[in-house]
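Given next are the chains, with one letter for each unit.
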Amino acid sequence: MPLMPKRVKFRKSQRGKVRGNASRGNFVSFGEFGLQALEGGWLSAQAIEAGRITAAHFIRGDGRLYIRVFPHKSVTAIPAETRMGKGKGEPEYWASVIKPGMVLFELAGVPEAAARDCLARVAYKMPFRCRFVTRRPNI
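Visitor: Would you explain the overall build of the chain in this entry?
Guide: Scanning the chain from N- to C-terminus turns up two helices and seven strands. Going residue by residue from the N terminus, the α and β elements of the chain occur as β-β-α-β-β-β-β-α-β. Based on the C-alpha atoms only, the size of the chain along its principal axes is roughly 55 × 30 × 25 Å. Considering the chain as a whole, with its 139 residues, one finds that 36% of them fall into the buried category. As presented, the chain carries roughly 9,500 Å² of accessible surface, and 52% of it is formed by carbon and sulfur atoms.

Encoded structure:
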């Protein structure tokens, strides 16, 4: 089942704009390897779940998978061929707002070659370009 908030203050949210690069969540902090978004946009809960399933199938319980994003934003839609002026549509799905540079998934406990292969499969499921990143050495 896709991720969604348990409860929210307001069911319907405004669209907003994705501006600038990510200033938080932009480096690998839990695992050793990560998948970093190179473009901004919305990442649906279904896409997050597809990435989680792909990674879980690949690592088969060997490593640890961290999902760094959560879909807090409700995206509404109006049925097709509906006349104007009957208000905002009902929430269709939940999405996470992604800024360029945000780390989406992290892996720990697997070799680098396996992590590259796994995250390449996950990146294929994502709606924007991503890159493989490694943990920064502690300075």
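Now that the structure is up, let's keep going.
Visitor: Got a minute to help me understand the nonpolar core in this structure?
Guide: As a rule of thumb, nonpolar side chains are buried together in soluble globular proteins. If you look at the biggest cluster of nonpolar residues, it comprises 24 residues, and the most contacted ones within it are L43, I98, L104, F105, L107 and M126. Here F105 is in contact with F33, G34, L35, I48, G51, R52, L65, Y66, I67, L119, V122 and M126, once residues within four sequence places are set aside.

Visitor: Can you help me understand the packing of helix α1 (residues 45-59) against helix α2 (residues 112-125) in this one?
Guide: Each pair of packed helices can be summarised by the angle the axes make with each other and by the distance between the axes. At their nearest, the axes of α1 and α2 sit 9 Å apart, and the two run at 155° to each other. For the element pair α1 / α2, the angle class is roughly antiparallel. At the point where α1 passes α2, the crossing takes the right-handed sense. In contact with A47, A50, G51, T54, A55, F58 and I59 of α1, α2 contributes A114, D117, C118, R121, V122 and K125. For the contact of α1 with α2, the class distribution of residues is eight nonpolar, two polar and three charged.

Visitor: How should I be thinking about the sheet that holds strand β7 (residues 130-134) in this particular structure?
Guide: Strand pairing in a sheet is mediated by backbone hydrogen bonds. Such pairs are either parallel or antiparallel. Reading across from one edge, β3-β6-β1-β7 is the order of the four strands in this open sheet, with antiparallel pairing throughout. Of all strands in the sheet, those bounded by a partner on one side alone are β3 (64-67) and β7. Strand after strand, the sheet turns through a mean of 20° between neighbouring axes, direction not considered. Of the pairings in the sheet, the one linking strand β1 (residues 33-37) to strand β6 (residues 103-108) comprises four bridges and is antiparallel in character. In the sheet register, F33 faces β6, and the bridge partner there is L107. Its contacts with the sheet put α1 on β3 and β6, and the angle it makes with β3 is roughly 170°. Helix-sheet contacts for α2 involve β1, β6 and β7, and the interaxial angle to β1 is about 30°.

The rules behind the values
- Sequence positions are assigned chain by chain, starting from 1 and proceeding in written order.
- The predicted nature of this model means local features are confined to residues of pLDDT at least 70 and side-chain atom pairs, given and counted, to a pLDDT of 80 or more, with totals for whole chains, interfaces and linings taken over all residues.
- Only hydrogens and water are set aside; all other atoms, that is, all heavy atoms of the structure, feed into the side-chain values.
- Here a helix means four or more residues in a row that DSSP labels H or I, a strand means two or more in a row labelled E, and each is numbered from the N terminus.
- Partly exposed describes any residue whose relative accessible area lies between the buried limit of under 20% and the exposed limit of over 50%, with all areas from a 1.4 Å probe on protein chains only and scaled to the type maximum.
- All accessibility values rest on the Shrake-Rupley procedure with a 1.4 Å probe; residue burial counts only the protein chains present in the view.
- Nonpolar cores are built from buried Ala, Val, Leu, Ile, Met, Phe, Trp, Tyr and Cys residues. Side-chain atoms within 4.5 Å join them into one set.
- Here, two residues are considered to be in contact whenever any of their heavy atoms come within 4.5 Å of each other.
- Fitted lines through C-alpha atoms give the axes, limited to the stretch in contact for helices. The angle between two N-to-C directions lies from 0 to 180 degrees.
- The cut-offs work like this: below 35 degrees is roughly parallel, past 145 is roughly antiparallel, 65 to 115 is roughly perpendicular, and the gaps in between are oblique.
- Left-handed is the label given to a crossing in which the near helix is rotated counterclockwise from the far helix by less than a right angle, and right-handed is the label when the rotation is clockwise.
- Residue classes follow a fixed rule: Ala, Val, Leu, Ile, Met, Phe, Trp, Tyr, Cys and Pro count as nonpolar, while Asp, Glu, Lys and Arg count as charged, and any other residue, Gly among them, counts as polar.
- The criterion for strand pairing is that DSSP finds at least two bridges linking the strands in question.

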